[in-house]
Structures are given as C-alpha cells and as structure tokens.
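What follows is each chain in one-letter form.
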Amino acid sequence: MVIADSPLDKDAAGTVAQWDVAYSQLVARIRLVLTVSAVLVAVLDHPGPDRANLTALLVLSVYATLCAAVYLFPQCQPRWTRGKLRHRLDVAVSAAVVAAVGPAEIFPLVFLLFAIVVASLRYGLAEGVRVTIATVLLYYVAAIITLPDVTPARLLLRAAVLLAFGRVIAQLGEMHILAARRQALLRELNQVANPRFGIDRSMTAALERVRAFFMADSCLLLLGEHDGGGHALRTVRAHGPTVAPADPIDPALACAMLPEPHTQVLLFTRAWRCWRAFGGCALGHGGASPAWAPHDPARLEEVADLLGTTSFISAPVSVGRGKGRIYVATRMRHLGRGDALFLARIAEQGLRAIDRIDLLDRIASDAAGLERKKIALDLHDTAIQSYIGLQLGLVALCRKAEPSNPLAPGLDKLVTMAAEVIAQLRDEAQRACGAAPADDAMFLAALRRQAARALATYGVEIGIDVGANVTLGDRLGVEVLQIVREGISNVCRHTDATAATVALHCSGATLHIDIVNPHGGTAPPAFQPRSLSERASALGGAACVRQGGANDTIVTVEIPL
C-alpha cells in the first residue's frame, strides 16, 4: 500500500498549537531521561567482559549533554531541536543505543518507539510511517552486525512487531492531528465572519479556508434564491480574488448540480482515482438511510464532469434565506468518507456565522438607509441652507463692489467656491438618500471625483493608484472612501503641496492606504492625524506618519481584512 500525505498541511504555521512550547519541553524531558538511561544501561548493565562499545558510548554521552542543554536552556535551542530533524536524529542515535546496549535488550526498542511517537503526534501518518520504516531497517541491520549468530526468524519477528506498533502509533497520531485541525477550522469559520466586510467577503474567506483545509482545487457554493427562485454559484479557487461574487446560473445547470435526495452527503471518485477498490465510488449518506449507501453513479459522474474534477464531496447547506449545496473538488487527492461527513458538519455548524452575517447585513442595510435619509434631511436643513445664505451675502457684496475694486476677483472666487460646496452638499444628500456604493467600480469613480474636486478647488493634483488585488465590499468601501477623502483634505488644507498621490494595495490580509505629498525639502514636525487615526482604529487598524525618499511625507493607514 502506498502511504500518501492526507489532506493536512502539517508544516503550516497554523498547525502549531498554543501549547507547542510546553509540548516541546515535555518531549525534551523524555528524550533526556531516555538518553541518560541509555548511557547508564550501557555502562552498568551491559553483560559480558566488554563493558560497552566505546564509540557508541561516546555518541550517547554527547547526545545526552545536548539534550540536557536543550531542556535546561529552551530559549537557546539549536536547529536540531526544531522541526523534523529532531526525531530523525533520534533514529540515528538509536544506532548507538543498539551498539552500546545490544539488540537483545528491550531498551533499544523503547528508544525507537519514542522517535516514532514524537514523529507521529507532530507530523501524522506519513512521517510516522517513514520513521517507523527507518527504525525497523536500522534495528535489523544493527542486530545483524552486532549479533551475527542470531536467528534471522527472531530478528524478523521483532522487526515485524516494531513495524506493526509503529504503524498503529502513526495512525493514532494522524487522527489526533486531524481532530485538532478540524476543531481549529470550525473556530476560524466562526471568527472569519465580520459584518463590516459584508456577506461576499465573509463567504469567500470561509470557502477559501475550507478549500485550503482539504487541499482541494476548488470549493463551490450553490444556493437557491429565496425570493426569485433562481440559483447563484460562488466559486473559490487557489490564489483567487478575496471577493468571489455569487453569479446567477442557468436553471438546468443548477438542477444538474443538485442531485436528489437533496439531504444526502455525497462522495464520488472516478474508477481510476479510487485505490480502495477496482471501481470508483459513488456513495450517499443521510436522508432515509443513516449509513453510507450506493448512489446513482451516472448522476454523480455528470456532476464531476460539470465541476471538471475526478473526486468531490458535497453536503447540503442552508445559508440565510437560500438552500443548496457546498462542493469540494480535487483532481490529485483522494477524498474519503470522513472528509465528506466533516464537510457536512462544516455546512451545519461552521457556516452558521455566515448565516448571522447575512441577517446582520440586511438589518444594517435597512438601518443605514433610514440613517442616511435622516442625515440628508438634517444636511439640507442646516448646512446647505447656511451655505445658501452665505452665497447670497457674497453675491450681494459682489454687486456692491465696483469692477475696479481690488477685492472683486477674490469675492467672485468665493462665490464660485460657495456654489461648488452647495452643489457638493446637495450631491452628498442625494446619494445619502439612495443606496450605498455596491461595487469597486463605483468606489474608484468616487475616488476620482474627489481628486477632481481637489484640483478644481485647491489646485492640487491628486494621483490615484489602486492595486489590481484591491477588492472592497460596500461597507468597507464607504469607510475607506472617507479615510481617503480626509487624507486628501488634510493635504489640501494643511500643506503647500501642488501634487499628491493616493495608493491602495493589499498585502496578505491587510489593506494599505498611502497618502504621499512632497514637503519641499523641509520636513514637517512630528504629528499624528487624529481623525485618520480614529477612523483606522474603529476598523481595527492603525495610522502612522513617516518621511520617505525624495522629500516626501507619507501617511499610511493599515486596515486588517
């Protein structure tokens, strides 16, 4: 049987639990006890006239010293104490144990089993089996060299027992890691939902975590619309966009991707990809049958063709007001029954937070609509009316001033600026009564309108640079637009700059907003933009000011996504 890595990324940063430091200390303590015991057994309890193999005893003594240093000074751990190298070094040192103590003793087997346990509990089945095979071969070769007269049948029996125990330990370690990672995924799915990011970003983030957990090619969510009766498909692939919109699909395609019975968990693998039997598997679980039962292979084969995959698992899902299915599809990995049942648990429990986001999103949208209408009325009754009165007063002054009056050009400019402010306020009030911006195209258009106003009013040319990977939802887009607007206003009102640049880009899970303006060679005194800092803090981020090259002042706002 070929041992392959299960769909677990055991080397990922998220695999290391919070108790990894305590776990490492425990392993270091056990390793120290075993190594010191091996030295004592080799010196005091070795039969025969030759007390011990001096080379092996020297290796064990040096190794015991290193283990003691690692245990006593954990903050100064060398490289061999981290990663896979530590238990592989244990396997290599076990040769010295066999040479010093002898393969007939039980102690070398204990030392070898320790290396297998450490590898299995930390890295799972594949690494545990590799270490098991290496230890068995090492034990067998060492026994043949040190005991040439030993019966081969006895050595084979011991090697077979060690191999069997190692395989069982490796399987237990795999189950332990799998259970821990499943719990971690369910916690992440409950934390990834954020109302200010909206349903699209939260759903995309959740599906991406599911796809990454199974190390699959794609994760799809097909939901029926409660109101219109249509269906929408959301597809997440590796290295895809941070927001995957729900695209409406043809009713016939939706019907083909929703095989009956709709309440069953599905598992499908093509014949040439299934290693458990000569034929492929097409199984269903749940519904009328509480156990796994054969499903229509032709129907599931059709779904696999639509997904363009060789193996997939699927579970019924209910999110918000829609019901449908979630699919995890892969071409290179084998998905099993346990994976399918865990996907059903994800659909039942892990996506409930997204369901709450959908409800909160609708409640917040309705509340925001009412609040925008109230703000628009207040804006019309207070600020706009006041500016209209100011405009009328300025017009009256312009009429009284003679054309030769040196103040006439300035008054005309003030009248024009007042008219522009009134038009801007009316435009803001009109937009406040309407819906919030819905897509990134409207967000970019709003940025350009703000840059055009800065150029027309203050004569400051604003360059807009938005990265291709910047995708914002409606709520976050509104907040970012306010931050950029405040930053541009600060440049126009508090500096002598005639040009500035606003750059937005995403780095990992963080949105970076850089507002850059030249300061003419004289750096301004240290300052902290209060309004920008408060807005960034409300979004969970921070704002800072630094001096860049070429006499630039850079205000950076970072917002976690």
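These lines cover the structure that appears in this document, whether it is placed above or below.

Reading the values: rules and limits
- Residues numbered from 1 in each chain as written.
- Predicted model: local features only at pLDDT ≥ 70, side-chain atom pairs only at ≥ 80, totals over all residues.
- Heavy atoms only, no water.
- Helix = DSSP H or I, 4+ residues; strand = E, 2+ residues; numbered from the N terminus.
- Buried < 20%, exposed > 50% of the residue type's maximum accessible area, 1.4 Å probe, protein only.
- Contact = heavy atoms within 4.5 Å.
- Areas by Shrake-Rupley, 256 points an atom, 1.4 Å probe, with all protein chains shown as cover.
- Polar contact = N/O pair within 3.5 Å; in protein donor to acceptor, adjacent residues only side chain to side chain.
- Salt bridge = Lys/Arg side-chain N within 4 Å of Asp/Glu carboxyl O.
- Arc of directions from axis to C-beta.
- Phe/Tyr/Trp six-rings, centres within 6.5 Å; stacked < 30°, edge-to-face > 60°.
- Lys NZ or Arg CZ within 6 Å of the ring centre and 35° of its normal.
- Pairing = 2+ DSSP bridges.
- Core = buried A, V, L, I, M, F, W, Y, C linked by side-chain atoms within 4.5 Å.
- Axes fitted to C-alpha atoms, helices over the stretch in contact; angles between N-to-C directions.
- Patch = residues over 30% accessible without salt bridge, like charges linked within 9 Å, V, L, I, M, F, W, Y side chains within 5 Å.

Counting its secondary structure elements, the protein contains 14 helices and 13 strands. Classification of the 561 residues of the protein by burial places 42% in the buried group. The contacts in the protein between residues at least 6 apart in sequence include a share of 67% that link residues at least 24 apart. With the model as given, the accessible surface of the protein reaches about 29,000 Å², and the carbon-plus-sulfur share is 61%.

With respect to the helices, strands and loops of the structure, Glu127 is situated in helix α4 (residues 107–146). Among the polar contacts listed, one links the side chain of Glu127 to the side chain of Arg130, at a separation of 3.2 Å. Glu127 has contacts with Lys84, His87, Arg88 and Ala119, leaving out every residue within four places of it along the chain.

With that out of the way, let us pick up the pattern of salt bridges. Per the counting criterion, the structure on display carries eight salt bridges. Among the salt bridges present, the one from Asp217 reaches Arg331, with a minimum N-O distance of 3.8 Å. With Asp217 in the loop between α6 (198–214) and β1 (218–224) and Arg331 in the loop between β8 (322–330) and α9 (337–350), this residue pair connects regions lying 114 residues apart in the sequence. Here Arg331 falls in the partly exposed class, since its relative accessible area comes to 43%. Of the charged contacts in the structure, one is a salt bridge between Arg270 and Glu301, with a shortest N-O distance of 2.1 Å. In this pair, Arg270 sits in the loop between β4 (265–269) and β5 (281–286) while Glu301 sits in helix α8 (residues 297–307), placing the two residues 31 residues apart along the sequence. The partly exposed category is assigned to Glu301, whose relative accessible area is 29%.

Of all the positions in helix α14 (residues 530–538), only Leu532, Ser533 and Ala536 are classed as buried. With its buried residues spanning 100° around the axis, α14 presents them on a single face. Exposed side chains of α14 directed beyond 90 degrees from the buried face belong to Arg530 and Ala538. Positive phi appears at Gly540, one or two residues downstream of α14, with a value of about 85°.

Another aspect to go through is the packing of aromatic side chains. Counted by the stated rule, this structure contains five aromatic pairs. Judged by centre distance (5.1 Å) and plane angle (90°), the rings of Phe213 and Phe214 are edge-to-face. On the basis of relative accessibility, which here comes to 4%, the residue Phe213 falls in the buried class. Residue Phe214 is classed as buried on the basis of its relative accessible area, which comes to 0%. Each residue in the set Phe213, Phe214 and Phe342 is aromatic and connected to the rest through ring pairs, giving one cluster. Here the guanidinium or amino end of Arg122 rests over the ring plane of Tyr123, the centre of that ring lying 4.8 Å away.

Note that Ile422 resides in helix α11 (residues 408–433). Among the residues examined, Ile422 registers a relative accessible area of 4% and is labelled buried. Sequence separation of Ile422 and Gln391 is 31 residues, and the distance between their C-alpha atoms is 8.8 Å.

Once that is clear, we can look at the pairing of β5. Among the six residues in β5, six count as buried, and that is most of the element. Note that β4 and β5 share five bridges and pair antiparallel. Note on β5: the bridge partner recorded for Val265 is His285.

Time to look at the nonpolar core. Judged by nonpolar contacts, the single largest core of 34 residues is most densely connected at Val210, Phe214, Ile313, Ile326, Val328, Leu343 and Ile346. Secondary structure elements with two or more residues in this core: α5 (152–191), α6, β1, β4, β5, β7 (311–319), β8 and α9. Those residues in contact with Val328 that lie beyond four places of it in its chain are Val210, Phe214, Ala216, Ser218, Cys219, Ser311, Phe312, Ile313, Leu335 and Leu343. Core analysis: the second largest hydrophobic core is formed by 32 residues, Phe443, Ile488, Leu511 and Ala543 among them.

Before going further, it helps to examine the environment of Ser202. Tracing the backbone through its elements, the reader meets Ser202 in helix α6. Separated by 13 residues in the primary sequence, Ser202 and Leu189 have C-alpha atoms spaced 9.2 Å apart.

So, about the sheet that holds strand β10 (residues 499–507). Read from one edge to the other, the open sheet built from five strands follows the order β9-β10-β11-β13-β12, with strand pairing classed as mixed. Two strands in the sheet have a free side with no partner beyond their single neighbour: β9 (461–466) and β12 (542–548). On average, each strand axis in the sheet is inclined to that of its neighbour by 15°, with strand direction left out of account. As paired strands, β12 and strand β13 (residues 552–560) are joined by seven bridges and run antiparallel to one another. The residue of β13 that forms the bridge with Arg546 is Ile554. Contacting β12 and β13, α14 runs over the sheet at an angle of about 130° to β12.

Once that is clear, we can look at unusual backbone geometry. Note the cis peptide between Glu260 and Pro261, where omega equals -5°. When you line up the elements, Pro261 lands in the loop between α7 (251–256) and β4. Here the phi dihedral of Met215 falls at roughly 50°; this positive angle occurs in a residue that is not glycine. Structurally, the position occupied by Met215 is in the loop between α6 and β1.

Taken together, Val36, Leu40, Val43 and Leu44 make up a surface patch of nonpolar side chains, about 340 Å² in accessible area. As for its placement among the helices and strands, Val43 is situated in helix α1 (residues 20–44).

It is worth spelling out the environment of Val168 at this point. Topologically, Val168 is positioned in helix α5. Overall, Val168 belongs to the partly exposed group, its relative accessible area being 49%. Expressed as a C-alpha distance, the spacing of Val168 and Leu125, which sit 43 residues apart in the sequence, is 9.3 Å.

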